[in-house]
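# Tertiary structure, described
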Amino acid sequence: MRRGSSKKGSANSTTSTNSSAMDLFRSASGKAATKELERIDQLFYSYSNESSGIIDPEGIECLCSDLEVEHTDVRILMVAWKMHAEKQGYFTLEEWRKGLKALHADTIVKLKKALPELENEVRRPSNYVDFYSYAFRYCLTEEKQKSIDIESICELLELVLGSQFPQQVDLFIQYLKTQTDYKVINMDQWMGFYRFCNEISFPDFNNYDEDLAWPLILDNFVDWVKSKQS
Amino acid sequence: MSSQKKRNFQIEAFKHRVVVDPKYAEKTWKILEHAIHEIYNHNASGLSFEELYRNAYNMVLHKFGEKLYSGLVSTMTSHLKEIAVSIEASQGALFLEELDRKWTEHNKALQMIRDILMYMDRTFIPSTHKTPVHELGLNLWRDNIVHSIKIQMRLKDRLLELVQRERGSEVINRGLMRNVVKMLMDLGSLVYQEEFEKPFLVVSADFYRGESQQFIESCDCGDYLKKAEKRLNEEIERVSHYLDARSEVKITNVVEKEMIESQMTRLVHMENSGLVNMLMDDKYDDLGRMYHLFRRVPNGLSLIRDVMTTHIRETGKQLVTDPERLKDPVDFVQHLLDEKDKHDKIIHLSFNNDKMFQNSLNSSFEHFINLNTRSPEFISLFVDDKLRKGLKGVSEEDVETILDKVMMLFRYLQEKDVFEKYYKQHLAKRLLSNKSVSEDAERSLILKLKTECGYQFTSKLEGMFTDMKTSDDTMQGFYAAVGHELGDGPTLGVHVLTTGSWPTQLTTTCNLPPEILTVCDKFKTYYLGTHNGRRLSWQTNMGSADIKATFNKGQKHELNVSTYQMCVLMLFNNGDGLSYTEIEQATGIPTVDLKRCLQSLACAKGKNVLRKEPMSKDIGEDDTFFFNDKFTSKFYKVKIGTVVAQKESEPEKQETRQRVEEDRKPQIEAAIVRIMKARRVLDHNNIVAEVTKQLQSRFLPNPVVIKKRIESLIEREFLERDKDDRKLYRYLA
């Protein structure tokens, strides 16, 4: 039920469930909106580093413990995605504002409550590709870095795809750890794997065609699995 | 309006009432009937042609054509029936003779009768659509004689019997056969076919079926083919002598089918005498016969081609995988050339230069030559051998022939870039050791390679020749300018090689003896003085030296050695009994090369200017070396240096292969970029196909390698994958 005319809320708001708290929030007047922003900023400063003015890994750890979520939990990554955070382990004020506004959270409690819905939002197929590629970019810590080492990739895979495609991820991680051809994975290969999980039948790989434009590493992966199976 | 009626005057035909004697027709007919009898009884001479003609004419005129005609039919029929009886009565061989005689008589009679009845033939018959006299005569003969029950079967049997006898090498009366067969032909092609041709073909088929079975059991392939050819020729001759020409193709088809087509597989694969044996033993006649016979039947030639191809591929494969053969590359390549020559000759002499056979031969060679990955290296070694000594004293024409043959082998290679690499290495050695037998021959081959592969392929090779020439000029200039300063020092000869044109060598360390260093430095100064901005580095692993050495009894020898060897030997001017370590330290030569160098100086028979302790075969790091006072040789000049091109050792081969693979990567990438730049968007399979096509004149790219290059280009942001269709790639400008 919308009563107010001022739409100071961010455009990020998606069709949400019938949470009455949300409705109330949305129907708040402009003054309330400003208040909200203030609270968001305050929350930011409660975690940020004094000298740098941004939230650093330490701050994020505090945030996580307050949210009662492991800092390796995928939901933090999702929050970072919502914020469009650029640097792994750091949140700037801009990013913080963007994220929390979109989540309609100005307190820790609200933020925590927003997490399940955020998860649903991310898991929608239309968003997931974006999230998946974001996850990769987020791990590129050095400037001009284009690939991620195998160890980190394995962790990232588990984190991001482990629940959705457990068997494929499991096998692929095994393969990555045993093979010697590749020491790093690039974006093209990363995205290829997601497509692979979605399109290729498992565990027989019947519709996999090596002559098509699959990244070479996946050709080798399929060969490896097939030789293991026989 | 009144119209004047015109009255037409009609003039009517004058109707002449002729009172015809009712008996007139009968009377006239009787005259004619009598005449026919007489004609058949050979009594025609007493008849008057004019009178008879007039009588017939009158009958027709007076509307008695019908009576005349039917009378003719019945008279002729009754005569023919008599004739039939007489023919039927003949016995044995006389049967056909009687038939023939009576036929001839009948024709004569028919002619006369026709002449007499010509008016009827021209007027009454056409208007009543009856059969003309001549044709009528033939039809009546057919119906009453040929189709007479007692004659029909006998005629057929007799004719076929005679043919069979002739096939059994008996002599028969061909003239009689011809006449009788012609009779059937004259009666109409249907009669010929029914009464003779059809049964003839059936009987012949049975006969040849049996004969082919008999021959195939008892003859070898060559003999069988001779027999089949003989039979075929016989039938053709038979037709020309006494059958209808149109029967030729039918009877030859029968022979082809029964004797060739049904047995051809068995013939080709016959043990000890089949196609493969003929090929191996160069049986040109037999092969030619097989070719011409099999050409006549469907799939005959393709059968020969297939078996030949399989055979060549098999022998080729054995040749290229036989370790004994592979020990001597020059011999190996010579064998390849011999095999090609042999089969070329067969195709030329026996297979009519058939293009399809030529193609099969080429594709077979291409197939098995590429089974051995060392083929490019070996072919280059063969060329090297020829250009060093093999072409000595050979006429210009013959040189061209040999080089053309080499080019032919070159065309079969899939990995032409590997050949190029080896060729360059071997050429470098030839040039630097001045071992080429003829510069014209070298140039000629390079020209052929250029024509085949384009300028890119040979530009560096030509650069090598240029460097050699330029070096000569440089040396002249050097001695002219600085010669007076050199005094008694060693005479220096320098080849200045442009990096990039020559095979890449790693620069190695080597401490040159002081005398050499002096003169080398002088050269360097001179050269850099005239060529600004260049850098020179001495390639001590490629040079050679001539040293004069004096041995125990005062004998002097001139030793031709490599630069490394020279450095080692010069050490012995200042000391003897040098240890390996001392030598190593003094010369600075890398271990592998030093060991090889010492081995050739101390362990080779007839060339051991050094003595080694202990006397073992290999060079050990604890060995000590002495100047071999007791060295003898019957030659004044002794050659010890080894700069000859040799078959690569295993590790060298791996290295070359690796370098080739590395060189291929940028070429593949360049091809991909070229293609994508032109096409903008292209799917994976098409890129692979296009790249393969573009590079096929140099090598066959591995699709996996192409894929890897594409991914590398994606990473470097030259290309991207299409967002919607994942099979497509997009060029990023």
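Placed above this text is the structure.
Residues numbered from 1 in each chain as written. Chains lettered and ligands numbered in written order. Predicted model: local features only at pLDDT ≥ 70, side-chain atom pairs only at ≥ 80, totals over all residues. Heavy atoms only, no water.

### Topic: the state of the cysteines
Residues and elements named next belong to chain B. In the structure shown here, the tally under the stated rule is zero disulfides over all chains. In this model Cys520 remains outside any disulfide bridge; the closest cysteine sulfur is found in Cys567, 9.6 Å from its own. We note that Cys567 lacks a disulfide partner, and the nearest cysteine sulfur, in Cys510, lies 3.5 Å from it. Exposure remark for Cys567: the relative accessible area of 3% places this residue in the buried category. (Disulfide = S-S within 2.5 Å. Buried < 20%, exposed > 50% of the residue type's maximum accessible area, 1.4 Å probe, protein only.)

### Overview of the sheet that holds strand E3 (residues 578–579) of chain B
All names here are of chain B. Pairing within the open sheet is antiparallel, and its three strands lie in the order E3-E5-E4. The open sheet terminates on both sides in strands that have one partner only, identified here as E3 and strand E4 (610–613). Bridge count between E4 and strand E5 (residues 624–627): four bridges; the pairing is antiparallel. Along E5, the bridge assignment pairs Glu613 with Thr624. Along the sheet, helix H27 (residues 591–602) makes contact with E4 and E5, crossing E4 at roughly 110°. (Pairing = 2+ DSSP bridges. Helix = DSSP H or I, 4+ residues; strand = E, 2+ residues; numbered from the N terminus. Contact = heavy atoms within 4.5 Å. Axes fitted to C-alpha atoms, helices over the stretch in contact; angles between N-to-C directions.)

### A look at empty space enclosed by the protein
Applying the stated criterion across every chain, the model contains two cavities of 30 Å³ or more. Going through the elements one at a time, helix H1 (22–40) and helix H4 (94–116) of chain B are the ones with two or more residues in the lining of the largest cavity. No other element matches H1(B), which puts five residues into the lining of the largest cavity. When grouped by side-chain class, the residues that make up the lining of the largest cavity number nine nonpolar, no polar and no charged. Of the pockets and cavities examined, the second largest cavity occupies roughly 50 Å³. As for the second largest cavity, its lining consists of Tyr132(A), Ile153(A), Leu157(A), Phe172(A), Ile185(A), Gln189(A), Trp190(A), Phe193(A) and Ile217(A). Those elements that provide at least two residues to the lining of the second largest cavity are helix H8 (150–161) and helix H10 (187–199) of chain A. When residues of the lining of the second largest cavity are assigned to their parent elements, the largest contribution, three residues, is made by H10(A). (1 Å grid on protein atoms, 1.4 Å probe; cavity = no way out; pocket = protein on both sides within 12 Å on 5 of 7 lines; lining within 4 Å. Points joined across faces, edges and corners; volume = space filled by probe spheres on them. Nonpolar A, V, L, I, M, F, W, Y, C, P; charged D, E, K, R; others polar.)

### Some remarks on the interface of chain A and chain B
Counting from both sides, the interface comprises 16 residues of chain A and, opposite them, 13 residues of chain B. By the criterion of area lost to chain B, the three top residues of chain A are Asp188(A), Ala213(A) and Leu216(A), representing 41% of everything that side buries. Counting every contact that joins chain A to chain B gives two salt bridges. A salt bridge links Arg721(B) to Asp188(A), with the nearest nitrogen and oxygen atoms 2.5 Å apart. Taken together, the links from chain A to chain B amount to seven residue pairs in polar contact (both at pLDDT 80 or more). (Buried area = accessible area lost by both parts, 1.4 Å probe. Salt bridge = Lys/Arg side-chain N within 4 Å of Asp/Glu carboxyl O. Polar contact = N/O pair within 3.5 Å; in protein donor to acceptor, adjacent residues only side chain to side chain.)

### Regarding the pattern of salt bridges
A side chain with one charge can pair with a side chain of the opposite charge if their charged atoms come near. As enumerated under the stated definition, the model contains 76 salt bridges over all chains in all. Notably, a salt bridge pairs Arg97(A) with Glu94(A), separated by 3.7 Å at the nearest N-O pair. Note that Arg97(A) and Glu94(A) are positioned in helix H5 (residues 93–103) at a spacing of three residues, about one turn of the helix. Classification of Glu94(A) as exposed rests on a relative accessible area of 55%. Among the ionic pairs, Glu256(B) bridges to Arg296(B), the shortest N-O distance being 2.6 Å. With Glu256(B) in helix H11 (residues 247–261) and Arg296(B) in the loop between helix H14 (284–294) and helix H15 (300–321), this pair connects stretches of sequence that are 40 residues apart. A relative accessible area of 7% means that Glu256(B) is categorised as buried. Judged by relative accessible area, Arg296(B) falls into the partly exposed class, the value being 37%. Connected through salt bridges with shared partners, the residues Glu166(B), Arg167(B), Arg174(B), Glu235(B), Glu237(B) and Arg238(B) form a single ionic network.

### As for unusual backbone geometry
Most peptide bonds take the trans form, and the phi angle of most residues other than glycine is negative. Residues and elements named next belong to chain B. Cis geometry is found at the peptide bond from Glu613 to Pro614, where omega equals -5°. Assignment of secondary structure puts Pro614 in the loop between E4 and E5. Within the chain, Ser169 stands out as a residue other than glycine whose phi angle is a positive 70°. Along the chain, the position of Ser169 falls in the loop between helix H7 (149–167) and helix H8 (174–186). Judged by its relative accessible area of 67%, Ser169 falls in the exposed class. Residue Asn299 is not a glycine yet carries a positive backbone phi of 65°. Among the structural elements, Asn299 can be located in the loop between H14 and H15. Judged by relative accessible area, which is 57%, Asn299 ranks as exposed.

### Topic: the pairing of strand E9 (residues 728–731) of chain B
All names here are of chain B. Here strand E7 (residues 681–683) pairs with E9 via three bridges, running antiparallel. Bridge pairing in E9 links Asp683 to Leu728. One ladder, built from three bridges, connects strand E8 (residues 719–721) with E9; its direction is antiparallel. Note on E9: the bridge partner recorded for Leu719 is Tyr731. Hairpin connection, E8 to E9: the antiparallel pair is bridged by six residues.

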